[in-house]
Amino acid sequence: KWTTDDGRIMVNGQPLVLKGVNYFGFETETYAPHGIWDHNLNDMLDFIKDNNFNAIRVPFSMEMVRDNPVIMNVHCHNNPNLCGTSALRMLDIFIDRAAERGLLIVLDNHRTQSGGYISPPLWYNNSAGYPEDEVIRLWKHLVMRYKNQWNVFAIDLKNEPHDAATWGRSNRNTDWNQAAERMINALHEFPGLFFVGGIEWGGRFENADQYPIETGHAHLNERVVYSPHCYGPDVYDRSEFHVENMHEYAKNLDRIYTAKYAFLAEKGYPVVIGEWGGKAKPGTRDAKWNKWFVDWIRDKCMTNNFYWALNPNSGHTGGLLDDDWKTPIQHKLDLVNRAQPNPTKFKTHNNKICITKGT
């Protein structure tokens, strides 16, 4: 049973300590996790498990759910029985193999249409044939498919609303908070958690103080999780990253991020960082930001997180693996291990799920 309580995420009444990673590909034209064009999927999942992660955020596209195409670009010899598989069957297999390794899954509505381009700013895209009711219909299809799958513990309703997206403006066409409430009510049969990102690329929740997500149902409200995204200068350079005095640097960033979203944790709302990261090459501004950010989320007791990303082919950030999809990048693993050193552990045994507490 997944709930929240006083800012904590709970599993069967005990706090859940999350150490997650994003692993993308289903939202692209291959309709499958990346890297399996050369390597065995099990090796990718083993790397995640062996590095003490307990959860994967899995981006997908609404087009993938609607059309369920055959997956592409798979090394058939290294991945027996995957070639010729449909996208949704591939997702079934991915989730099942994650479950075998005790890995939780967040399904992330990352894009409307498949591809390498940015998702539309709002949760719907009328011009592409995805009005709100169609998006909800497709979400329902996924929810009914996985509502009894123990490790699908959360759904991320919309990745990074931006530009026209608003919060608390009483505009049905642009207010993301109202749309999230409608979606959660429509998806009430899902027994897990509902991740709600902020506006302006996932990072801003200022108006959530006055207008928190309110579904009208206590059993749904207690499963809402606020999920900000936050990046340093490798992704989007800002003036605050160029402050040289470390005391002023830290004080300034704390003020900015507390106003954007950390106030939610201070007020007792559950917060999970849905994306963060960067190349963090030693000696760079991005490395300075990443180190500061890890210290900051520890200080804020806000360390439940999903690092972006496992994949090395993420242009602005790179990944935990080098371009060969085999070699770990140790300075990044050191960062995520410091951010969350002791996550909750899940293990399947005799048709039961054994849970070891994290701290």
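None of the values given here were measured: they were computed from a predicted structure.

Reading guide: rules and limits
Residues numbered from 1 in each chain as written. Predicted model: local features only at pLDDT ≥ 70, side-chain atom pairs only at ≥ 80, totals over all residues. Heavy atoms only, no water. Core = buried A, V, L, I, M, F, W, Y, C linked by side-chain atoms within 4.5 Å. Buried < 20%, exposed > 50% of the residue type's maximum accessible area, 1.4 Å probe, protein only. Disulfide = S-S within 2.5 Å. Helix = DSSP H or I, 4+ residues; strand = E, 2+ residues; numbered from the N terminus. Polar contact = N/O pair within 3.5 Å; in protein donor to acceptor, adjacent residues only side chain to side chain. pLDDT = per-residue confidence, 0-100. Pairing = 2+ DSSP bridges.

Undergrad: Looking at this structure, how should I read the nonpolar core?
TA: In a soluble, globular protein the nonpolar side chains are often hidden away together inside. Ranked by size, the top nonpolar core spans 94 residues in total, and within it Tyr-23, Leu-107, Trp-139, Leu-157, Trp-176, Tyr-257 and Phe-293 carry the most contacts. In this structure, Trp-2, Ala-55, Ala-154 and Phe-195 belong to the second largest nonpolar core, which totals 16 residues.

Undergrad: It is not clear to me how the state of the cysteines should be interpreted in this structure. Could you clarify?
TA: Each disulfide consists of one covalent bond between the sulfur atoms belonging to two cysteines. One pass over the structure, following the stated rule, counts 1 disulfide. Here Cys-76 pairs with Cys-83 through a disulfide, and the sulfurs are 1.8 Å apart. Across the S-S bond linking Cys-76 and Cys-83, the dihedral sits near -100°, which makes this disulfide left-handed. Overall, the relative accessible area of 35% leaves Cys-83 in the partly exposed class. Note on Cys-301: no disulfide assigned, nearest cysteine sulfur contributed by Cys-230 at a separation of 17 Å.

Undergrad: Is there a simple way to think about the side chain of Glu-132 in this case?
TA: Note on placement: Glu-132 falls in helix H4 (residues 132-146). Here the side chain of Glu-132 touches Trp-123 through a polar contact of 2.9 Å, side chain to side chain.

Undergrad: Just to check I follow, could you spell out the confidence of the model for the protein chain for this structure?
TA: For any part of a model where pLDDT is low, the fine detail of the predicted coordinates should not be relied upon. For the protein chain, per-residue confidence averages 97 on the pLDDT scale, and 100% of positions sit at 70 or higher. The secondary structure element of the protein chain with the lowest average pLDDT is strand E13 (residues 345-349), at 94, and the one with the highest is strand E8 (residues 193-196), at 99.

Undergrad: Is there a simple way to think about the sheet that holds strand E2 (residues 8-11) in this case?
TA: Adjacent strands of a sheet form backbone hydrogen bonds with each other and so pair up, either parallel or antiparallel. Pairing within the open sheet is antiparallel, and its 3 strands lie in the order E1-E2-E3. Edge positions in the sheet fall to strand E1 (2-5) and strand E3 (14-15), since each has one partner strand and no second. Across 2 bridges, the pairing between E2 and E3 is antiparallel. Paired with Met-10 across the strands is Pro-15, a residue of E3.

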